[in-house]
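Next come the chains, spelled out residue by residue.
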Amino acid sequence: MKNICFIVPGYPTQQEPIFSFIGETVRAFADQGFHCTVIAEQSLMRSLIGKTRLRPFHWVDTSNKKHTIDIYQPRTLTFSFLKIRGRRVSEYWKKRAVVRTYQKVRPATDLLYAHFWSSAVVGGEIANKEDIPLVVVTGESTITVQEMYPKSYIAERLQRLAGIISVSSKNVEESKALGLGAGKPFRIIPNAIDRIKFNKRDRAVMRKAYGFSQDDFIISFVGAFKERKGPLRVLAAIQQLQDPSIKAVFLGGGPQVPEGKEILFAGSVPHERIGDYLNCSDVFLLPTQAEGCCNAIIEAMACGLPIISSDLPFNYDVLDAENAILIDPNDIHAIATAIHELKNNPERREAMGKSSLQKSEALTLDNRIQKMIEFINEILK
């Protein structure tokens, strides 16, 4: 296996860092010697309403070791959740654009790699026509492919499915409950971090660099500013404590922008700068309601932070009592209690941070790619 074609929902650029984990994965495969081609649709409607700038149909990305990656981004029409005969119209146009792009470009392909089940259905159509094996990586916060396509349609397009990589036990169970990948091998390989970008640094030095007080207790939040992730629940919990020394950094974007005297920074930053802010912090807090396996949590662990997050199955593969306080993500009082506990118990905070750092050592991007390659080689045999 030398040539991989990635069918993915999006691809990051410096100006638009969406799906940064997909970009890191593709570049890591390229650095292992694979020739990588990416097909990721881009929305005409998003561009028309001013949210994004249209990219060229074809452009080239470069890996850390200077390998080139061909990126193809056909333009598609999106119509929100409009359905005809039980199928989302947008999904039809996306599938059509991706399949036509593959047929036009015809990249050398030994394996089709689909990120998320919805991409697997699209990749499956190509796999069936070209007689190429297909692997899907499932990491959705909630699997919704059954809302996009009829069950029989999904099954028909997954005939060449060779195996499934899941980022968490939760994703395995959810996939099986929906009848996806029945009889095919599953392998749980959690998300991972780039050690160059995410590592533990001197907190005092980082705070001085960003102009933050050495005396404040700083909480960091990384994620979309929306209800599922819970930025306003974090803010409400901090305000409930009425402690002027507790401050917060919110990294992300979206409609629920936190505001108040407790906030040191709220907004988006380039992905490579997130580690700087994490290293200014005492605790990482993310009361998210649904995930696959949260990259932001693993990144915070790699910076040596104790974690406060949701007591839900998607966290159980990477968080436990040694490095996290797990709470009901919708309970403001429980969130506030966890903050209070870690602020006033520096010994526990330090022990949890060390445990996070230790657990993150196995969650490097290189280790993840090696495990994925081993699994793919096994199933292709």
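Structure: see above.
These notes cover the structure that comes with them.

Rules and cut-offs
Positions within a chain are numbered from 1, following the residues in the order the chain's sequence is written. Totals for whole chains, interfaces and linings use all residues, but because this is a predicted model, local features are given only for residues with pLDDT of at least 70 and pairs of side-chain atoms are given and counted only at 80 or more. Water and hydrogen atoms play no part in the side-chain values, which are based on all heavy atoms of the structure. A run of DSSP states H or I qualifies as a helix once it reaches four residues; a run of E qualifies as a strand once it reaches two. Both are numbered from the N-terminal end. Exposure categories follow from relative accessible area, calculated using a 1.4 Å probe and restricted to protein chains: below 20% of the type maximum is buried, above 50% is exposed, and the middle band is partly exposed. Contacts are assigned to residue pairs with any non-hydrogen atoms lying within 4.5 Å of each other. The salt bridge criterion pairs a side-chain nitrogen of Lys or Arg with a carboxyl oxygen of Asp or Glu, the two atoms within 4 Å. Ring pairs shown here join Phe, Tyr and Trp side chains whose ring centres sit within 6.5 Å, with only the six-membered ring taken for Trp; geometry is labelled stacked below 30 degrees between planes, edge-to-face above 60, and tilted in between. The rule is short: NZ of Lys or CZ of Arg within 6 Å of the ring centre and within 35 degrees of the ring normal puts a charge over the ring. By definition, two strands form a pair when at least two bridges between them are found by DSSP. Axes here refer to lines fitted to C-alpha atoms; in helices the fit is confined to the stretch in contact. Angles between the N-to-C directions go from 0 to 180 degrees. The path from the first strand over the helix to the second decides the hand: if it runs clockwise while the strands point away from the viewer, the crossover is right-handed. Crossings are sorted by hand: turned counterclockwise from the far helix by less than a right angle, the near helix makes the crossing left-handed, and turned clockwise it makes it right-handed. Gly is placed with the polar residues, together with every amino acid not listed as nonpolar (Ala, Val, Leu, Ile, Met, Phe, Trp, Tyr, Cys and Pro) or charged (Asp, Glu, Lys and Arg).

### Thoughts on the side chain of S166
Within the secondary structure, S166 sits in strand β11 (residues 161–166). Accessibility expressed as a relative area gives 0% for S166, which makes it buried. In contact with S166, other than residues within four places in its own chain, are T138, N171, V172, F186, R187, I188 and I189.

### Some points on helix α11 (residues 295–302)
Since the α-helix packs 3.6 residues into each turn, any two residues three or four apart lie on the same face. Taking burial as the measure, the eight residues of α11 include eight buried ones, the bulk of the element. Every buried residue of α11 is accounted for by N295, A296, I297, I298, E299, A300, M301 and A302. Those residues of α11 that are buried lie in contact with α1 (20–31), β13 (217–222), α10 (271–278), β16 (283–286), β17 (307–310) and α13 (346–360). Looking one or two residues beyond α11, the residue adopting positive phi is G304, at roughly 75°.

### A few points about unusual backbone geometry
It is generally the case that most residues other than glycine have a negative phi and that most peptide bonds are trans. Positive phi is not limited to glycine here, since R106 has a value of about 50°. For R106, the position within the fold is in the loop between α3 (89–105) and β9 (111–115). Positive phi values are uncommon outside glycine, yet Q242 reaches one of about 50°. Structurally, Q242 is set in the loop between α9 (231–241) and β14 (246–251). For Q242, a relative accessible area of 70% translates into the label exposed.

### Considerations on the pattern of salt bridges
Applying the stated rule across the entire model yields 23 salt bridges. Among the charged side chains, a network of salt bridges with common partners joins K95, E125, K129, E156 and R157.

### Quick word on the packing of aromatic side chains
A complete count under the given rule lists 14 aromatic pairs for this structure. Here F221 and F250 contribute two aromatic rings whose centre-to-centre distance is 5.5 Å and whose plane-to-plane angle is 45°, an arrangement assigned as tilted. Taken together, the residues span a long stretch of sequence, with F221 in strand β13 and F250 in strand β14 at a distance of 29 residues. Aromatic ring contacts, followed pair by pair, group F6, F29, F34 and Y113 into a single cluster. Seen from the ring of Y153, R157 lies directly overhead, with NZ or CZ sitting 3.6 Å from the centre.

### Focus: the sheet that holds strand β1 (residues 3–8)
The strand order across the open sheet formed by eight strands is β4-β5-β2-β1-β9-β10-β11-β12, and the pairing between neighbours is mixed. Both outer strands of the open sheet, β4 (58–62) and β12 (186–188), are each paired with one neighbouring strand and no more. Neighbouring strand axes in the sheet, compared pairwise and without regard to direction, differ in orientation by 25° on average. Across five bridges, strand β10 (residues 134–138) lies against β11 in parallel orientation. In the strand pairing of β11, V136 is matched with I164. Strands in contact with helix α14 (residues 365–380) are β9, β10, β11 and β12; relative to β11, the strand with the most contacts, it is inclined by about 155°.

### Digging into the pairing of β13
Judged by how many residues are buried, β13 sits mostly within the fold: six of six residues are covered. A two-sided burial pattern is seen for β13, the buried positions comprising F217, I219 and F221 on one face and I218, S220 and V222 on the other. Looking at chain direction, β13 and β14 are connected through six bridges and run parallel. Bridge assignment links S220 to a residue of β14, and that residue is V249. For the handedness criterion, the β-α-β arrangement of β13, α9 and β14 is classed as right-handed. By the bridge criterion, two bridges tie β13 to β16 in an arrangement that is parallel. The partner of S220 across the bridge, within β16, is F284.

### What about the environment of Q256?
In this fold, Q256 is placed in the loop between β14 and β15 (263–267). For the pair Q256 and L326, spaced 70 residues apart in the sequence, the C-alpha separation amounts to 23 Å. When near neighbours in sequence (up to four residues on either side) are disregarded, Q256 contacts F225, K226, E227, P231 and L232.

### Observations regarding the sheet that holds β16
As summarised here, the arrangement of the six strands in space is β15-β14-β13-β16-β17-β18, forming an open sheet in which the pairing is parallel. Only two strands of the sheet have a single neighbouring strand rather than two, namely β15 and β18 (324–327). The average undirected angle you get between the axes of adjacent strands in this sheet is 20°. Relative to the sheet, helix α12 (residues 332–343) contacts β13, β14, β16, β17 and β18, its axis offset from that of β18 by approximately 165°. The strands touched by α13 are β13, β16, β17 and β18; relative to β18, the strand with the most contacts, the crossing angle is about 95°.

### Things to note about the packing of α9 against α12
The interhelical angle for the contact between α9 and α12, taken along N-to-C directions, is 65°, at an axis separation of 8 Å. Two packed elements cross with a definite hand, and for α9 against α12 that hand is right-handed. Residues R233, A236, A237, I238, Q240 and L241 of α9 lie in contact with α12, whose contacting residues are I332, H333, I335, A336, I339 and H340. Of the residues belonging to the contact of α9 with α12, the class tally is eight nonpolar, three polar and one charged.

Shape descriptors only; they carry no functional weight alone.
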